[in-house]
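# Coordinate analysis (summary)
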Amino acid sequence: MIPKPMEKLLPPPRLAIVIPCYNEEEALPLSLPVLLKLLDDCVAAGDITADSYILCSNDGSRDRTWALLEEWHLADRRVRAVSLAHNRGHQYALLAGLMTAMDNCDAAVSIDADLQDDPQAIVEMVRKYREGTEIVYGVRSSRKTDTVFKRTTAHAFYSFQKKMGLETVYDHADYRLMSNRALHLLSEYHESNMFLRGIVPQIGLDSDVVYYERASRVAGESKYPLRKMLALSVDGITSFSAQPMRWIFFTGLFILLVTLAVTAYVVVARFFTDHVSPGWASIMLSIWGLGSLILIAIGITGEYIGKIFNEVKGRPRYAIRDRLWD
């Protein structure tokens, strides 16, 4: 990509770095100084304005996360925060932070508190923003820091999403820059079942990627164990694709064809042969196999019905209890 002439660059933006936080009392004392220094360096380089800031979105933490944020806010007013009334999950905490920052920034970068995502990539994101790109995705250049199991399951998940017709960015989590216009367009998506990795690509503005090496957590424990990763995967697929329902239909057609073939065999065996095998094993296998398939089909259907149930109620997606904002 050929950079645009310097005279056509957008002016330095007021940048908001949005951090969703849940029980991050160990990580925040390490990550906030790094991000504040990054703001200082970017301001000194003329890349962002001096009133840029960090906004932490506390997702109903049960440790000292909020108390630490109050202390940091008193020490440096560039550290701001909102606290959700109760734990709603990473996606809702991130959305709450982005929506709070929306009318108080030119662009917002979302990043986790654990510093696994390289903060220096923000410099390149801002540069691309000033060149006219409205959404910049942070994409991992490799997965060498992952375990073999996590690497294999992650790649399988992305491949499965693609087969399901879901538009996502490969090896991208929620590390991205969004312009003010992109944030306002995001605010028009009112669905309760949040999967930002699927929603943001649907916005459709000019986008680009920045590659970076992912590191290990600076402190604390991962907030996405296998159970939550599986739940996020199910939410992503069922929120954006009806392919599982279609698969149920075609599986039913296939079983119908098999049933017709078995029926023809039974009729021939009954009327044109002298001996008919009892067939206990085949009957039992058929009962268990079809029973399992029925339960899976009911479960998939119920997942979609449950999402419809949540959407039609129209309840608020989150409630903000406290703010640290000057």
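Preceding this paragraph is the structure being described.
Attention here is on the structure that accompanies the text. (Residues numbered from 1 in each chain as written. Predicted model: local features only at pLDDT ≥ 70, side-chain atom pairs only at ≥ 80, totals over all residues. Heavy atoms only, no water.)

## Structural notes on the overall build of the protein chain
Here is the rule: A run of DSSP states H or I qualifies as a helix once it reaches four residues; a run of E qualifies as a strand once it reaches two. Both are numbered from the N-terminal end. The buried label goes to any residue with under 20% of its type's maximum accessible area, the exposed label to any with over 50%, and the partly exposed label to all in between, with areas taken from a 1.4 Å probe on protein chains only. In these tables, accessible area is a Shrake-Rupley quantity obtained with a 1.4 Å probe, and a residue counts as shielded only by the protein chains included in the view.
Assigned secondary structure in the protein chain consists of ten helices and eight strands. Within the span of the protein chain, comprising 326 residues, buried residues form 42% of the whole. Accessible surface for the protein chain amounts to roughly 17400 Å². Of this, 62% is attributable to carbon and sulfur atoms.

## Let's talk about a nonpolar patch on the surface
This is how it is decided: Exposure above 30% relative accessible area and the lack of any salt bridge qualify a residue for a patch; like charges then connect within 9 Å, and the nonpolar side chains Val, Leu, Ile, Met, Phe, Trp and Tyr within 5 Å. In what follows, salt bridge is the name for a side-chain nitrogen of Lys or Arg lying within 4 Å of a carboxyl oxygen of Asp or Glu.
A contiguous nonpolar patch, built from Leu290, Ile294, Leu295 and Ile298 and spanning about 410 Å² of accessible area, is present on the exposed surface. With respect to the element layout, isoleucine 298 can be found in helix H10 (residues 280–313). Isoleucine 298 gets classed as exposed once you look at its relative accessible area, which sits at 53%.

## Digging into the side chain of serine 187
Selection rule: By the criterion applied in these results, polar contacts are pairs of N or O atoms within 3.5 Å in which, for protein atoms, one can donate a hydrogen and the other can accept it, and in which residues neighboring in sequence qualify only through two side-chain atoms. Should any heavy atoms of two residues lie within 4.5 Å, those residues are counted as being in contact.
Along the chain, the position of serine 187 falls in the loop between helix H6 (180–186) and helix H7 (196–203). In terms of polar contacts, serine 187 uses its side chain to reach the backbone carbonyl oxygen of histidine 184, at 2.5 Å. Not counting the four nearest positions on each side in its chain, serine 187 is found in contact with Met99 and Met102.

## Concerning the state of the cysteines
Going by this rule: We call a pair of cysteine sulfur atoms a disulfide whenever their separation is within 2.5 Å.
Taken as a whole, this structure holds zero disulfides when the rule is applied. Free cysteine cysteine 56: the closest other cysteine sulfur is in cysteine 21, separated by 4.2 Å. Among the residues examined, cysteine 56 registers a relative accessible area of 0% and is labelled buried.

## A few points about the sheet that holds strand E4 (residues 107–110)
Hydrogen bonding along the main chain pairs the strands of a sheet, whether they run parallel or antiparallel. Heads up, the rule is: Strand pairing is assigned whenever DSSP detects at least two bridges linking the two strands. Geometry is summarised by axes, namely lines fitted to C-alpha atoms with helices restricted to the contacting stretch, and by angles between N-to-C directions that run from 0 to 180 degrees.
An order of E7-E5-E6-E4-E1-E2-E3-E8 is seen for the eight strands of this open sheet, with the pairing classed as mixed. With partners counted over all chains shown, the strands left at the sheet margins are strand E7 (207–212) and strand E8 (320–324), one partner each. Ignoring strand direction, the axes of neighbouring strands in this sheet form an average angle of 20 degrees. Across six bridges, strand E1 (residues 15–21) lies against strand E2 (residues 53–58) in parallel orientation.

## Description of the packing of aromatic side chains
What counts is decided by this rule: Between 30 and 60 degrees the pair is tilted, below 30 it is stacked and above 60 it is edge-to-face, where a pair is any two Phe, Tyr or Trp rings, Trp via its six-membered ring, whose centres lie within 6.5 Å.
Scanning the model with the defined rule gives two aromatic pairs in all. Taking the centre distance of 5.3 Å and the plane angle of 75 degrees together, the rings of tyrosine 53 and tryptophan 325 count as edge-to-face. Of the two residues, tyrosine 53 sits in strand E2 while tryptophan 325 sits in the segment after E8, which places them 272 residues apart along the sequence. In this structure tyrosine 53 comes out as buried when scored by relative accessible area, which is 1%. The exposure class assigned to tryptophan 325 is partly exposed, which follows from its relative accessible area of 27%. Measuring from centroid to centroid gives 5.2 Å for tyrosine 175 and tyrosine 212, while their planes differ by 85 degrees, and the two rings are edge-to-face. Placement of the pair is tyrosine 175 in the loop between helix H5 (148–163) and strand E6 (176–179) and tyrosine 212 in strand E7, with a sequence separation of 37 residues. As far as burial versus exposure is concerned, tyrosine 175 and tyrosine 212 are alike and both buried.

## Topic: the pattern of salt bridges
For the structure shown, the criterion picks out 15 salt bridges. For arginine 78, the salt bridge goes to aspartate 40, with nearest N and O atoms at 2.7 Å. Taken together, the residues arginine 78 in the loop between helix H2 (65–75) and strand E3 (79–84) and aspartate 40 in helix H1 (residues 28–44) connect sequence positions 38 residues apart. Overall, the relative accessible area of 38% leaves aspartate 40 in the partly exposed class. Here arginine 181 makes a salt bridge to glutamate 134, at a shortest N to O gap of 2.3 Å. Of this pair, arginine 181 sits in helix H6 while glutamate 134 sits in the loop between helix H4 (121–130) and strand E5 (135–140), and the two are 47 residues apart along the sequence. Under the relative-accessibility criterion, arginine 181 is labelled partly exposed at 48%. Judged by relative accessible area, glutamate 134 falls into the buried class, the value being 15%. Each of Glu124, Arg127, Lys128, Glu131 and Asp208 takes part in one network of salt bridges that share partners.

## Quick notes on the nonpolar core
Spelled out, the test is: We define a nonpolar core as any set of buried Ala, Val, Leu, Ile, Met, Phe, Trp, Tyr and Cys residues linked to one another through side-chain atoms lying within 4.5 Å.
Counting 33 residues, the largest nonpolar core has Leu15, Ile17, Ile19, Ile54, Cys56 and Leu177 as its most contacted members. Sorting the residues of this core by element identifies E1, H1, E2, H2, E3, E4, H4 and E7 as the ones contributing at least two each. In terms of residue count, H1 provides more of this core than any other element does, seven residues in total. Excluding residues within four positions of it along the chain, cysteine 56 makes contact with Ile19, Cys21, Leu28, Leu32, Leu69, Arg80, Ala81 and Val82. Ranked by size, the runner-up nonpolar core spans 28 residues in total, among them Tyr53, Val139, Ala182 and Leu186.

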